[in-house]
Amino acid sequence: MNKKIVVIGSSNVDLIMKMDRLPKVGETITDATFMQVYGGKGANQAVAAARAGGDVAFVNCVGNDAYTPQMLTNFETEGMHTQFVFQEDKLVSGHALVMIGSEGNNYLSVAPGANAALTPEKVKKATKIIKEAAIIVMQYEIPLETIEYVFDLAQDYKIPVLWNFAPAQKFNIDYLKKTEILVVNETEASFISKIEVTDRATAEKAVYKLLELGSKLIILTLGADGVIYGNKNEMSYVPAFKVKAEDTTAAGDTFCGSFAVSFVEGKPLNEVITFSSAAAALAVTRIGAQPSIPKRIDIDRFLIENK
Ligand code: RIB
């Protein structure tokens, strides 16, 4: 059975400041610790899927700056298919400034750089590999016209799309009908459904609303409060694993990447979500985006230890 996962999305160089508490506007914190790691929602999800054991192809666009060669080497080292990672010599790669405070909370600011140049024309060149996908995984750090193009292409080839609607931005609501699996957090679910998600009750209401809008399966991640999911047959809840959070960056990405792997392995939905929640729980115990993403062996061990 074909199990190829094609991730279409962004990559960033993450510049991290870790501090005891986040600064107020106008305040300077003087004892932060600096780290430079690789991130970007697309790359994080591709790496998460690869480390969870998936056969992953990554479709992406990088720029040309001091960090890019190492970023490209990393993609290779993760064992992903990278022939459709495009490079724009006149642009810089995407960059993110990440401030991490106590309990893993963060502020994030992204400069898209070459991610904005992942055009439909570039994605079209990757049709050969996209056609082979068992699932396409996409986020929202690439141009909207590219996202719409991917949805249409996926529909033509009858490939399910997991859309992680992150970060929340304006879009054409009709595309929800082309989304097999919509993964959202509280903010993103509130943005689309117009229902303010503050607890499990409001989360369920938002899931019903999102189902009405046309996505077939809604996964609403509530961080430490677990995951609510719903489709036409069921509305259910999976509690979160209890861990000490160091940094929540890329927890959602780890969830999506590992979800894709378990999904193409044909596991029952509840098991897929438990597996993805375990991977995300491990990610929040470590600092940084890609350095925090667990390998399959760690996820399997964590699941056994936390049965
Ligand atoms: O989801 C986390 C990611 O968001 C970070 O790695 C950062 O690069 C931004 O894209």
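Right above here is the structure, for reference.
Residues numbered from 1 in each chain as written. Predicted model: local features only at pLDDT ≥ 70, side-chain atom pairs only at ≥ 80, totals over all residues. Heavy atoms only, no water.

Helix and strand counts for the chain stand at ten helices and 13 strands. Computed over C-alpha atoms, the radius of gyration of the chain comes to 18 Å, within 12% of the 19 Å expected from 2.2 N^0.38 for 307 residues, which places it in the range of a compact globule. Dimensions of the chain, computed from the C-alpha atoms along their principal axes, are close to 55 × 40 × 40 Å. Looking at the 307 residues of the chain, the share that counts as buried comes to 54%. Surface exposure of the chain reaches about 13700 Å², of which carbon and sulfur atoms provide 53%. For the chain, the separation between the mean place of its 31 positive charges and that of its 36 negative charges on side chains is 4 Å. (Helix = DSSP H or I, 4+ residues; strand = E, 2+ residues; numbered from the N terminus. Rg over C-alpha atoms; globule rule 2.2 N^0.38 Å. Buried < 20%, exposed > 50% of the residue type's maximum accessible area, 1.4 Å probe, protein only. Areas by Shrake-Rupley, 256 points an atom, 1.4 Å probe, with all protein chains shown as cover. Lys, Arg positive; Asp, Glu negative; His and termini not counted. Charge placed at Lys NZ, Arg CZ, Asp CG, Glu CD.)

This part is about the pattern of salt bridges. Summed over the entire model, instances satisfying the criterion amount to twelve salt bridges. Salt-bridge contacts for E27 lead to R21; the nearest nitrogen and oxygen are separated by 2.4 Å. We classify E27 as partly exposed; its relative accessible area is 28%. Residue class for R21 comes out partly exposed when judged on its relative accessible area of 40%. The residue D174 makes a salt bridge to K177 at a minimum N-O spacing of 3.5 Å. One network of salt bridges, with partners in common, ties together E265, K267, R296 and D300. (Salt bridge = Lys/Arg side-chain N within 4 Å of Asp/Glu carboxyl O.)

Further remarks concern the environment of F302. Secondary-structure assignment places F302 in helix α10 (residues 296-305). Setting aside chain neighbours within four positions, we find F302 in contact with F241, V243, A278, A281 and L282. (Contact = heavy atoms within 4.5 Å.)

Let us now look at the pairing of strand β9 (residues 161-164). What you see with β9 is no split at all: V161 and W163 on one side and L162 and N164 on the other are buried throughout. Taking the sense of rotation as the criterion, the β-α-β connection linking strand β8 (residues 135-138), helix α5 (residues 144-156) and β9 turns out right-handed. As paired elements, β9 and strand β10 (residues 181-185) share three bridges and run parallel to each other. The partner of N164 across the bridge, within β10, is V183. (Right-handed = clockwise from strand over helix to strand, strands pointing away. Pairing = 2+ DSSP bridges.)

Compared with the 18 Å implied by 1.5 Å per residue over 13 residues, the 19 Å span of α5 between its first and last C-alpha is a close match. As for α5, its buried residues are in contact with β1 (4-8), α3 (120-125), α4 (127-130), β8 and β9. Of the residues flanking the end of α5, it is K158, one or two places downstream, whose phi is positive at about 55°. (Expected span 1.5 Å × (residues − 1).)

Within β1, five of the five residues are buried, leaving the element largely enclosed by the surrounding structure. Across five bridges, β1 lies against strand β4 (residues 55-62) in parallel orientation. The partner of V6 across the bridge, within β4, is A57. As paired elements, β1 and β8 share four bridges and run parallel to each other. Opposite I8, over in β8, you have M138 as the bridge partner.

Taken together, the neighbourhood of the ligand is formed by 14 residues, with D14, G40, K41, E141 and D253 sitting nearest. The contact in question runs from an oxygen atom of the ligand to an N or O atom on the side chain of K41, over 2.8 Å. Within the contact set of the ligand, an oxygen atom lies 2.7 Å away from a side-chain nitrogen or oxygen of E141. Protein coverage of the free-state accessible area of the ligand, which is 280 Å², stands at 96%. Grouping the amino acids of the shell around the ligand by side-chain chemistry returns five nonpolar, five polar and four charged. (Near = heavy atom within 4 Å. Polar contact = N/O pair within 3.5 Å; in protein donor to acceptor, adjacent residues only side chain to side chain. Nonpolar A, V, L, I, M, F, W, Y, C, P; charged D, E, K, R; others polar.)

Another point: unusual backbone geometry. Here the residue pair A166 and P167 is connected by a cis peptide bond, since its omega of -5° sits within 30 degrees of zero. For P167, the position within the fold is in the loop between β9 and β10. The phi angle at K194 is positive, at roughly 65°, despite the residue not being glycine. Among the structural elements, K194 can be located in the loop between α6 (186-193) and α7 (200-212).

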